[in-house]
Amino acid sequence: MGMSTAHWLEAYAAKLGVAAPTPEETETLLALAGVAAHAAQRSAAPVSCYLVARAGVTPGAALAAAEELAAGHDAETTRSDAE
């Protein structure tokens, strides 16, 4: 088996010249990936995490935005199904 998640993130962050995410940030990003994967196709998960970095927002703010978007999508789907 390969490296642990924590070891990979530390090594990869060092290779990129940035700080590794904290354990809390990692958990939040994983939660964001889960929201994206369940609200859309699974491929939305990693790209959503990429967008967090592009946007320069915190993982917590990104998770809140994803949850809001997913909730709005669920509400639209429910309305469409009822019509």
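Notes on the structure in this doc start here.

About the thresholds
Residues numbered from 1 in each chain as written. Predicted model: local features only at pLDDT ≥ 70, side-chain atom pairs only at ≥ 80, totals over all residues. Heavy atoms only, no water. Patch = residues over 30% accessible without salt bridge, like charges linked within 9 Å, V, L, I, M, F, W, Y side chains within 5 Å. Areas by Shrake-Rupley, 256 points an atom, 1.4 Å probe, with all protein chains shown as cover. Salt bridge = Lys/Arg side-chain N within 4 Å of Asp/Glu carboxyl O. Helix = DSSP H or I, 4+ residues; strand = E, 2+ residues; numbered from the N terminus. Buried < 20%, exposed > 50% of the residue type's maximum accessible area, 1.4 Å probe, protein only. Core = buried A, V, L, I, M, F, W, Y, C linked by side-chain atoms within 4.5 Å. Phe/Tyr/Trp six-rings, centres within 6.5 Å; stacked < 30°, edge-to-face > 60°. Contact = heavy atoms within 4.5 Å. Polar contact = N/O pair within 3.5 Å; in protein donor to acceptor, adjacent residues only side chain to side chain. Expected span 1.5 Å × (residues − 1). 1 Å grid on protein atoms, 1.4 Å probe; cavity = no way out; pocket = protein on both sides within 12 Å on 5 of 7 lines; lining within 4 Å. Points joined across faces, edges and corners; volume = space filled by probe spheres on them. Nonpolar A, V, L, I, M, F, W, Y, C, P; charged D, E, K, R; others polar.

Observations concerning a nonpolar patch on the surface
- Together, M3, W8, Y12, L16 and V18 give the surface a local cluster of nonpolar side chains, amounting to about 530 Å² of exposed area.
- Relative to the assigned elements, W8 resides in helix α1 (residues 5–16).
- Taking relative accessible area as the criterion, W8 reaches 44% and is therefore assigned partly exposed.

Focus: the nonpolar core
- The biggest cluster of nonpolar side chains holds seven residues, and these are L32, V35, V52, A62, L63, A66 and A70.
- Where this core is concerned, the elements lending two or more residues are α2 (23–39) and α4 (59–82).

Digging into the packing of aromatic side chains
- One pass over the structure, following the stated rule, counts one aromatic pair.
- Arranged with centres 5.3 Å apart and planes meeting at 15 degrees, the rings of W8 and Y12 form a pair that is stacked. Here Y12 and W8 lie together in helix α1, a separation of four residues that amounts to about one turn.
- With a relative accessible area of 41%, Y12 lands in the partly exposed category.

Comments concerning the environment of T28
- Along the chain, T28 falls in helix α2.
- Taking the C-alpha atoms as reference points, T28 and T58, 30 residues apart in sequence, are found 9.6 Å from one another.
- Not counting residues within four places of it along the chain, the set of residues in contact with T28 comprises P59, G60 and L63.
- Looking at T28, its side chain comes within polar contact range of the main-chain oxygen of E24, at 3.0 Å.

Points about helix α3 (residues 44–55)
- With 12 residues, α3 extends 16 Å from end C-alpha to end C-alpha; this agrees with the ideal 16 Å at 1.5 Å per step.
- Immediately downstream of α3, the backbone of G56 shows phi near 70 degrees, a positive value.

Focus on the environment of S48
- Locating S48 in the fold gives a position in helix α3.
- The contact partners of S48, leaving out residues within four places of it in the chain, are L32 and A36.

With respect to the layout of surface pockets
- Counted as a void, the largest pocket has a volume near 450 Å³.
- Taken together, 16 residues form the lining of the largest pocket, with V18, P21, L29, C49 and A53 sitting closest to its centre.
- Where the lining of the largest pocket is concerned, the elements lending two or more residues are α1, α2 and α3.
- Tallied by class, residues from the lining of the largest pocket come to 14 nonpolar, one polar and one charged.
- Around the second largest pocket, the lining is made up of 16 residues, and of these L32, A36, S48, A66 and L69 lie nearest the centre.
- Mapped by element, the contributors of at least two residues to the lining of the second largest pocket are α2, α3 and α4.

All quantities given are derived from atomic positions and should not be read as evidence of function.
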